[in-house]
Amino acid sequence: MAALKLKKSFEMRGLGVLIAAIVLAIVFSIANSNFLSPYNLLITVRMASELGIIAAGVTLLMVAGEFDLSVGSTYALCPMVTAILYSNFNVPIIFAVMVGLMLALVLGFINGFITTKAGIPSFITTLGTMLIYRALVLVIAGGMPIKIRSEALISDVIGGTIGDLFPVAIIWFLFFIGISYYILEHTAFGNKIRATGGNKEAAIAAGINTTRVKIITFMFVSFLAAFAGYVQCFRLGSVAPLNGRGFELQAIAASVIGGTSLFGGVGTIIGTALGVLITGMIKNGIVLLGVSVYWQNGFLGSILIAAVIINVFISKRRR
Amino acid sequence: MNMQNKVSVDNLVYMEGISKYFGEVMALDDVYFAIKPCEIVGLVGDNGAGKSTLIKILSGLYPPTKGVIYFDGKKIHFSSPRDAINAGIETTHQDLALVDDLEIHRNIFMGREPKRLLAGFIPYLNKQEMIREAEKALGNIGIHLGSVEDIVKNLSGGEKQSVSIGRATYFKAKLVIMDEPTAAMSLKETKKILELMVRLKETGSTVIFISHNIHHVFSIADRLAILSRGKKIADLKISETTEEEVSTIIMNN
Ligand SMILES: Nc1ncnc2c1ncn2[C@@H]1O[C@H](COP(=O)(O)OP(=O)(O)O)[C@@H](O)[C@H]1O
Ligand SMILES: [Mg+2]
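This is a predicted model, so every value here is computed, not measured.

Engineer: How do you make sense of the overall build of chain A when you look at a structure like this?
Structural biologist: When helices and strands are counted, chain A shows 14 helices and 4 strands. Radius of gyration (C-alpha) of chain A: 20 Å, near the 20 Å computed for a compact globule of 319 residues. For chain A, the C-alpha atoms occupy an extent of roughly 60 × 55 × 30 Å along the three principal directions. Residues counted as buried form 53% of the 319 residues belonging to chain A. Intrachain contacts of chain A at a sequence separation of at least 6 include 79% that bridge at least 24 residues. As presented, chain A carries roughly 13900 Å² of accessible surface, and 72% of it is formed by carbon and sulfur atoms. Side chains of chain A give 21 positive and 10 negative charges; the mean places of these two sets differ by 10 Å.

Listed below in structure tokens is the structure:
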């Protein structure tokens, strides 16, 4: 029985990510003994957490068979709207945040509605809205960063630290990973997501409203993207109009490193969490090793390819 | 009571003047198809005759281009498979049955996942029930697969069809439609499914059985309809015809 369980976990599609994470941790800790220190691990997770919140949603959406390239723009747009309402119109911060999160749901609805009703690939829909939402950020901000310093509780709750050290961002990361895991593995909706992305026709024939499943998931992703944006802007005290550029592809990379299929129906939140931690390790390890930060995405790209090769290799061996 | 109402009341299903076009392609042409409660009706005909299209209309996947459907005495309009399922129609489709990457029990309950509440308010997928009931659904039809927690991808064609049939028969539907359910099955598996259809009939369900194997249809059906190029060309009581006659009708069209 135990042997069977072990065999199963070895056959797991996401095995590549576990190997990659461990190898990376070993390499970095050999190169710099500080890497595994508690403080540095905290930094590593913190660096991964904003992307991680987004990637959790992106994984759900990819399992449902769709992509969202607009998450990086949503990440900037919603906090920017909040910052402007708060700074220029004196709207209380809590309302300004609620408006921003509501806007996120609308942005996600637009992505999902266009994709499902027009029947076009979400890659195209969200490439379009990525550009549109980004343009909106630049227009409303006039291209300038906007301050959002607030003494209000909400600012600490979303983007502060516990004590002097522990960033709340990590708690939000764990929270949204947990929520996404719960949705995908332990709810009826999660089963509908997997069915929709795995075989849309079969899902429809089984009575699943795949349009509804997709639109709701698009809205969930947008909400997470906006929330991650708030985590960052409350940490830094300002919103820059180019925030989040590149996050859309990094989130997909983290998901795919974690074993999520590009073709829908397959993916786990645990895998994505590991994938995200890998991106955090790269960001942090590069600094520790004194390597130029310009290499960051290069490392991520190499690991993406390596992890996918391992996964393909494993799934071939299984046949 | 006029003629039409009588027909729609006497029959569990009455499809009246059904036509279906896919663009220029005519898949069905003015088909009348009636099914009495608790009978097994065979639906036969060559490839491309329109059999699958006809039952896809009945199971809510396609709207008919023309025609009216009565089910259980009422005129119905299915706008999705969900409506048909809710009305009591279960279908195993020939081509779009299962999700390969989903476990067997998740396939059987997809769209109708059993839930329970955690701490009284958090909805939670009831996996124990899903697994237990999936085993029961397969046990009912005499099929035992290694574990219902395996994904469907690694099953044989016949095993996949069994899962699909387990799914369609678990929910005690009024009407069970099987579109070539035994096409990928071994003789032994096929025999079980034929017996299953007889048992369904005995327990009060009505069955539409689409097959290429006229012999199989004759062994269990009460009646059989023959489609050819979108038209219904014959509708015969099994007791009043022979396999030879039916083969000849299909060949000559
Ligand atoms: N979705 C579709 N789009 C276009 N043509 C279709 C579609 N489904 C079926 N057809 C056509 O309708 C006709 C009947 O097909 P079908 O109902 O599958 O036949 P059967 O199940 O009897 O083999 C065929 O000519 C087929 O090519
Ligand atoms: Mg067919």
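Moving on from the model shown.
Engineer: Explanation requested: the sheet that holds strand E5 (residues 74-76) of chain B in the structure shown.
Structural biologist: Through backbone hydrogen bonds, the strands of a sheet pair up, either in parallel or in antiparallel fashion. Residues and elements named next belong to chain B. Reading across from one edge, E2-E1-E4-E5 is the order of the 4 strands in this open sheet, with antiparallel pairing throughout. The outermost strands of the open sheet, each flanked by one partner alone, are strand E2 (25-35) and E5. Neighbouring strand axes in the sheet, compared pairwise and without regard to direction, differ in orientation by 30° on average. Contacting strand E1 (13-22), E2 and strand E4 (66-71), helix H2 (residues 51-58) runs over the sheet at an angle of about 115° to E1.

Engineer: I tried to follow the interface of chain A and chain B on my own but got confused; where do I start?
Structural biologist: One frequent convention defines the size of an interface as the accessible area lost when the parts assemble. Taken together, the contact pairs 24 residues of chain A with 26 residues of chain B. Across the interface of chain A and chain B, roughly 2000 Å² is buried in total on both sides, 53% from carbon and sulfur atoms. Interface area lost by chain A to chain B is led by His-186, Asn-191 and Arg-194 of chain A, which between them contribute 26%. Here Glu-113 of chain B makes a salt bridge to Lys-192 of chain A, at a shortest N to O gap of 2.7 Å. Our count for the chain A to chain B interface comes out at 11 residue pairs in polar contact (both at pLDDT 80 or more). Of all the secondary structure elements, the ones that give two or more residues to the side of chain A that touches chain B are helix H8 (168-186), helix H9 (188-198) and helix H10 (200-205) of chain A.

Engineer: I'm lost on the layout of surface pockets in this one. Help?
Structural biologist: If a probe the size of a water molecule is rolled over the atoms, the empty space left behind becomes visible. Taken as a whole, the second largest pocket spans an internal volume of roughly 340 Å³. Surrounding the second largest pocket, 19 residues form its lining, Lys-200, Ile-204, Asn-209, Thr-210 and Thr-211 of chain A being those nearest its centre. Secondary-structure elements contributing two or more residues to the lining of the second largest pocket are helix H5 (93-118), H10 and helix H11 (210-236) of chain A together with helix H3 (81-87) of chain B. With 3 residues, H11 of chain A is the single largest residue contributor to the lining of the second largest pocket. Residues belonging to the lining of the second largest pocket are distributed by class as follows: 6 nonpolar, 9 polar and 4 charged.

Engineer: Hey, could you run me through the packing of aromatic side chains in this one?
Structural biologist: Given two aromatic rings, one states the distance between the centres and the angle between the planes to describe the pair. If you walk through the whole model with that rule in mind, you get 17 aromatic pairs over all chains. Each ring, one from Phe-28 of chain A and one from Phe-35 of chain A, has its centre 5.3 Å from the other, and the planes form 40°; the classification is tilted. Both residues of the pair, Phe-28 of chain A and Phe-35 of chain A, count as buried. Considering the side-chain rings of Trp-172 of chain A and Phe-175 of chain A, the 5.7 Å spacing of their centres and the 85° angle between planes classify their relative orientation as edge-to-face. In this pair, Trp-172 of chain A and Phe-175 of chain A both sit in helix H8, 3 residues apart, roughly one turn of the helix. For Phe-175 of chain A, a relative accessible area of 40% gives the class partly exposed. Chaining the aromatic ring pairs together yields one cluster made of Trp-172, Phe-175, Phe-176, Phe-223 and Phe-227 of chain A. Taking the ring centre of Phe-171 of chain B as reference, the NZ or CZ of Arg-112 of chain B above it sits at 3.5 Å.

Engineer: How do you make sense of the packing of H9 of chain A against H11 of chain A when you look at a structure like this?
Structural biologist: Helix-helix packing: each pair is described by the crossing angle between the helix axes and the interaxial distance. All names here are of chain A. Relative orientation of the contacting elements H9 and H11 amounts to 110°, with a least axis distance of 10 Å. Between H9 and H11, the angle is such that the two are roughly perpendicular. Mapping the contact onto sequence places Phe-189, Lys-192, Ile-193 and Thr-196 in H9 and Thr-210, Val-213, Lys-214, Ile-216 and Thr-217 in H11.

Engineer: Can you help me understand the pairing of strand E6 (residues 89-92) of chain B in this one?
Structural biologist: Along any regular strand, the residues point their side chains to alternate faces of the sheet. All names here are of chain B. Along E6, one buried face is formed by Ile-89 and Thr-91 and the opposite face, lined by Glu-90 and Thr-92, is buried too. Where E6 and strand E9 (residues 175-179) come together, 4 bridges link them in parallel fashion. What sits directly across from Thr-92, in E9, is Met-178.

Engineer: How do you make sense of the site of ligand 1 when you look at a structure like this?
Structural biologist: Residue and element names in this part refer to chain B. The full set of residues close to ligand 1 is Phe-22, Ala-27, Asp-46, Asn-47, Gly-48, Ala-49, Gly-50, Lys-51, Ser-52, Thr-53 and Tyr-62. In this structure, Ser-52 approaches ligand 1 through a side-chain N or O atom, which is 2.8 Å from an oxygen atom. Contacts to ligand 1 include Thr-53, whose side-chain N or O atom sits 2.6 Å from an oxygen atom. For ligand 1, whose accessible area on its own is 560 Å², the fraction buried by protein is 62%. Top element by residues in the shell around ligand 1 is H2. It accounts for 3 residues. A breakdown of the residues in the shell around ligand 1 according to their chemical character gives 4 nonpolar, 5 polar and 2 charged.

Engineer: Teacher, can you tell me more about the coordination of the magnesium ion (ligand 2) here?
Structural biologist: By definition of the ideal shapes, four donors in a tetrahedron about a metal sit 109.5 degrees apart, and six donors in an octahedron sit 90 or 180 degrees apart. All names here are of chain B. Protein-derived ligands of the magnesium ion (ligand 2) are Ser-52 (OG) and Gln-94 (OE1), with the metal-ligand distances lying across 2.1 Å. You can see Ser-52 sitting in helix H2 and its partner Gln-94 sitting in the loop between E6 and helix H4 (104-108), a full 42 residues away along the chain. By relative accessible area, which is 17% here, Ser-52 ends up buried. Gln-94 sits in the partly exposed class, given a relative accessible area of 41%.

Engineer: What is the right way to look at the pattern of salt bridges in this model?
Structural biologist: Here the idea is simple: oppositely charged side chains can pair when their charged atoms come close. Residues and elements named next belong to chain B. Scanning the entire structure with this criterion turns up 18 salt bridges over all chains. With its nearest N and O atoms 3.0 Å apart, the salt bridge here joins Arg-223 to Glu-39. A residue pair is termed long-range when its members are at least 10 positions apart, and Arg-223 in strand E11 (residues 223-228) and Glu-39 in the loop between E2 and strand E3 (40-44) qualify at 184 residues. Across the pair, exposure class does not vary: Arg-223 and Glu-39 are buried alike. Of the charged contacts, one joins Arg-106 and Glu-103 as a salt bridge, the two residues approaching to 3.7 Å between their closest N and O atoms. Each member of the pair, Arg-106 together with Glu-103, is buried. Connected through shared salt-bridge partners, Glu-39, Arg-223, Lys-232 and Asp-235 make up one network.

Engineer: What exactly am I supposed to notice about the packing of helix H3 (residues 38-63) of chain A against H11 of chain A here?
Structural biologist: Residue and element names in this part refer to chain A. The geometry of H3 relative to H11 is characterised by a closest axis approach of 8 Å and an angle of 170° between their N-to-C directions. Compared by their axis directions, H3 and H11 come out roughly antiparallel. Within the contact between the two elements, H3 uses Arg-46, Glu-50, Ile-53, Ile-54, Ala-56, Gly-57, Val-58, Leu-60 and Leu-61 and H11 uses Lys-214, Thr-217, Phe-218, Phe-220, Val-221, Leu-224, Ala-225, Ala-228, Val-231, Gln-232 and Arg-235. Of the residues that constitute the contact of H3 with H11, the class distribution is 13 nonpolar, 3 polar and 4 charged.

Criteria and thresholds
- Residues numbered from 1 in each chain as written.
- Chains lettered and ligands numbered in written order.
- Predicted model: local features only at pLDDT ≥ 70, side-chain atom pairs only at ≥ 80, totals over all residues.
- Heavy atoms only, no water.
- Helix = DSSP H or I, 4+ residues; strand = E, 2+ residues; numbered from the N terminus.
- Rg over C-alpha atoms; globule rule 2.2 N^0.38 Å.
- Buried < 20%, exposed > 50% of the residue type's maximum accessible area, 1.4 Å probe, protein only.
- Contact = heavy atoms within 4.5 Å.
- Areas by Shrake-Rupley, 256 points an atom, 1.4 Å probe, with all protein chains shown as cover.
- Lys, Arg positive; Asp, Glu negative; His and termini not counted.
- Charge placed at Lys NZ, Arg CZ, Asp CG, Glu CD.
- Pairing = 2+ DSSP bridges.
- Axes fitted to C-alpha atoms, helices over the stretch in contact; angles between N-to-C directions.
- Buried area = accessible area lost by both parts, 1.4 Å probe.
- Salt bridge = Lys/Arg side-chain N within 4 Å of Asp/Glu carboxyl O.
- Polar contact = N/O pair within 3.5 Å; in protein donor to acceptor, adjacent residues only side chain to side chain.
- 1 Å grid on protein atoms, 1.4 Å probe; cavity = no way out; pocket = protein on both sides within 12 Å on 5 of 7 lines; lining within 4 Å.
- Points joined across faces, edges and corners; volume = space filled by probe spheres on them.
- Nonpolar A, V, L, I, M, F, W, Y, C, P; charged D, E, K, R; others polar.
- Phe/Tyr/Trp six-rings, centres within 6.5 Å; stacked < 30°, edge-to-face > 60°.
- Lys NZ or Arg CZ within 6 Å of the ring centre and 35° of its normal.
- Parallel < 35°, antiparallel > 145°, perpendicular 65-115°, else oblique.
- Near = heavy atom within 4 Å.
- Donors = N, O, S within 2.8 Å, 3.2 Å for Na, K, Ca; no water.

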